[in-house]
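Below, each chain spelled out in residue letters.
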Amino acid sequence: MVRIFFIFIFSTIILLAENSKDVIYDLNCVGCHKKMPVTIDKYFYRYLLKYSSETKVKEAMFNYLKNPTKEETIMAESFITRFGVKKKTNLTDAKLNEALDSYWEKYKIFGRLK
């Protein structure tokens with residue numbers, strides 16, 4: 001019985017660890033973007049068109065989210081005029097990187113095109 005309990009606890013911990021990136025992403029990114037007229041995947045594709053690689057996209061998004069400015073945004077001037085520049089993230093660097101990893105995995109096109 002004790003063995004079954006420990007197996008259950010261990011399995012639960014593994015599942016939570018695997019899903020933590022998605023939880024951080026869902027709670028801190030998706031919630032706000034649901035209120036926006038531009039879906040969250042459109043931001044990803046804009047970044048991908050401009051920066052083209054996983055490393056460069058994540059680096060650009062990380063830098064922007066840590067210090068958002070009008071000069072660094074990928075959104076059109078009309079969008080910024082209407083909605084303003086995003087507020088600085090309150091996520092730690094580690095949690096922001098986890099959220100960006102989740103975002104990348106969700107929308108990446110590499111390996112999915114045929």
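Since the structure is predicted, the reported quantities are computational estimates derived from the model, not experimental observations. (Residues numbered from 1 in each chain as written. Predicted model: local features only at pLDDT ≥ 70, side-chain atom pairs only at ≥ 80, totals over all residues. Heavy atoms only, no water.)

> What is the right way to look at the packing of helix α3 (residues 54-66) against helix α5 (residues 93-107) in this model?
When two helices pack together, you describe them by how their axes are tilted relative to each other and by the distance separating the axes. Contact geometry of α3 with α5 gives a least axis separation of 10 Å together with a crossing angle of 135 degrees. The pairing of α3 with α5 is recorded here as oblique in orientation. Of the two elements, α3 crosses α5, and the hand of that crossing is right-handed. Here Glu-54, Val-57, Lys-58, Met-61, Phe-62, Leu-65 and Lys-66 of α3 lie close against α5, whose contacting residues are Asp-93, Leu-96, Asn-97, Leu-100, Asp-101, Tyr-103 and Trp-104. For the contact of α3 with α5, the per-class residue count stands at eight nonpolar, one polar and five charged. (Axes fitted to C-alpha atoms, helices over the stretch in contact; angles between N-to-C directions. Helix = DSSP H or I, 4+ residues; strand = E, 2+ residues; numbered from the N terminus. Parallel < 35°, antiparallel > 145°, perpendicular 65-115°, else oblique. Left-handed = near helix turned anticlockwise from the far one by under 90°. Contact = heavy atoms within 4.5 Å. Nonpolar A, V, L, I, M, F, W, Y, C, P; charged D, E, K, R; others polar.)

> Honestly, the packing of aromatic side chains in this entry has me stumped. Any pointers?
Where two aromatic rings form a pair, the distance of their centres and the angle of their planes describe that pair. According to the stated counting rule, one finds nine aromatic pairs in the structure shown. Ring geometry for Phe-44 against Tyr-107: centres 6.0 Å apart, planes inclined by 40 degrees, an arrangement best described as tilted. Taken as a pair, Phe-44 in helix α2 (residues 40-51) and Tyr-107 in helix α5 lie far apart in primary sequence, 63 residues in all. Since its relative accessible area comes to 15%, Tyr-107 is described here as buried. An aromatic cluster is built from Phe-44, Tyr-45, Tyr-103, Trp-104 and Tyr-107, whose rings are joined through pairwise contacts. (Phe/Tyr/Trp six-rings, centres within 6.5 Å; stacked < 30°, edge-to-face > 60°. Buried < 20%, exposed > 50% of the residue type's maximum accessible area, 1.4 Å probe, protein only.)

> I tried to follow the pattern of salt bridges on my own but got confused; where do I start?
Between side chains of opposite charge, a pair can form when the charged atoms approach closely. Considering all chains together, one arrives at six salt bridges under this definition. The partner of Glu-77 in a salt bridge is Lys-70, with the nearest N and O atoms 3.1 Å apart. For Lys-70, a relative accessible area of 44% translates into the label partly exposed. Between Glu-105 and Lys-108 there is a salt bridge, with the nearest N and O atoms lying 3.2 Å from each other. Taken together, the salt bridges that share partners define one network made up of Glu-54, Lys-58 and Asp-101. (Salt bridge = Lys/Arg side-chain N within 4 Å of Asp/Glu carboxyl O.)

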